[in-house]
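Residues per chain are reported as follows:
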Amino acid sequence: MTLSNPWPRRRFVAGAAALLAAPALRAQATWPSKPIRFLVPFAPGGTSEIVARSVAAELTRQLGQNVYVENKPGGAGVVAMVEAAKAPPDGSTIILGHVGTLAVNPYMLANQPYDVNRDFVPVTLLAKVPNVFVIHPDVPAKNFREFVAYAKANPGKLSYGSAGNASAGHLAMEYLKLVTGLFMTHIPYRGTGPQLTDLLAGRTQAASAGMPALGAHIRGGKLRAIAVGTQERIAALPEVPTVQEMGHRNFETSQWYGILAPAGTPPDVVKRLQEESYKALRSSAVTERFATDNAVGGGGPASEFAAFIGREQTIWRDIVRRAQIKAD
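Residues numbered from 1 in each chain as written. Predicted model: local features only at pLDDT ≥ 70, side-chain atom pairs only at ≥ 80, totals over all residues. Heavy atoms only, no water.

Draft legend 1. View of the nonpolar core. With 53 residues, the main nonpolar core has Phe 133, Phe 147 and Trp 256 as its most contacted residues. Looking at this core, the elements that each hand over two or more residues are helix H3 (78–86), helix H4 (99–108), strand S4 (120–135), helix H5 (144–153), helix H6 (168–180), strand S8 (224–228), strand S9 (254–262) and helix H11 (302–323). A total of 7 residues in this core trace back to one element, the largest contributor, which is H11. For Phe 147, the residues in contact, after removing those within four places along its chain, are Ile 135, Val 139, Ala 141, Leu 158, Leu 182, Met 184, Ala 206 and Ile 226. (Core = buried A, V, L, I, M, F, W, Y, C linked by side-chain atoms within 4.5 Å. Buried < 20%, exposed > 50% of the residue type's maximum accessible area, 1.4 Å probe, protein only. Helix = DSSP H or I, 4+ residues; strand = E, 2+ residues; numbered from the N terminus. Contact = heavy atoms within 4.5 Å.)

Draft legend 2. Examining the packing of H4 against H11 more closely. Look at H4 against H11: their axes get within 8 Å of each other, and the N-to-C directions meet at 45°. With respect to H11, the element H4 is oriented oblique. Here H4 and H11 pass one another in a crossing that is right-handed. Along its contact with H4, which presents Val 99, Leu 102, Ala 103, Val 104, Tyr 107 and Met 108, the element H11 presents Phe 305, Ile 309, Glu 312, Gln 313, Trp 316, Arg 317 and Val 320. (Axes fitted to C-alpha atoms, helices over the stretch in contact; angles between N-to-C directions. Parallel < 35°, antiparallel > 145°, perpendicular 65-115°, else oblique. Left-handed = near helix turned anticlockwise from the far one by under 90°.)

Draft legend 3. Fine view of the side chain of Gln 112. Looking at the element boundaries, Gln 112 is found in the loop between H4 and S4. The contact partners of Gln 112, leaving out residues within four places of it in the chain, are Val 78, Asn 105 and Pro 106.

Draft legend 4. Region of the structure containing H3. Of the positions making up H3, those classed as buried are Val 78, Ala 80, Met 81 and Ala 84. Down the axis of H3, the buried set is contained in an arc of 160°. They therefore lie on one face. Buried-residue contacts for H3 involve strand S1 (36–40), strand S3 (93–98), H4, S4 and S9. (Arc of directions from axis to C-beta.)

Next up, the structure:
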């Protein structure tokens, strides 16, 4: 009896596997072969755009392809998220995810047309930016305790603006209302820029945002900082207490931003993007800008960012329920 030779079959199987893998390998080897669109779900002028543009400029230099920021506000970030979810999963479209779109919207908005945990791939955390609570100087309060007392004595008289529903500022203020028991009316805007226009004019009385958007106005005396949401005071405002110091134990809220890609993006492309982002975050241009804004850079692996998102979802699911945060 003659035994058949197994080697031709093995060579065929190996060859077929190589042929199937070849397109993906070629795609990964040449990525990026065209400009990369970096979607930002909010209007220009806010912390989200500042973080995205700082990183995009360095990625452009490192990758040899233009990484351009495209602001696409609307629907508490849903408009941009839908577009990103439907984009080809080839690394040519990425999106800036943040606490609102990833950790709050799933519990605040009914019938989202996508699943943040299924339709996107976390790439890396870019930055955590302290939330600063500010009031207009016309408000008759010089500090946090006086503000809370005044707001409680005048329920409904004060209003606060935010960059939109589920924006970091909206969430921070609702969290503050929850722990202090005060009442203020929420006025959502289409971005931090329009929100600040009305706050600086005194048409709204309070807000929470990051230092990139607020710093110059605080230093110029046009806004009064009364508290920060971090566990410790920040270097830019050493005289401003934390909310925890004001007696609200375990209160912590910050804005955070990271890169996501459409589900199905090749793992090697995700890994390369994470590695290049890590390099960008440690460039002198980005570290200096982040230091000015008291932002803490990230850059860790995708698995670390995925775990971080999961923890934030657990925290904000409870806060959304307790504070009854609604889509206005």
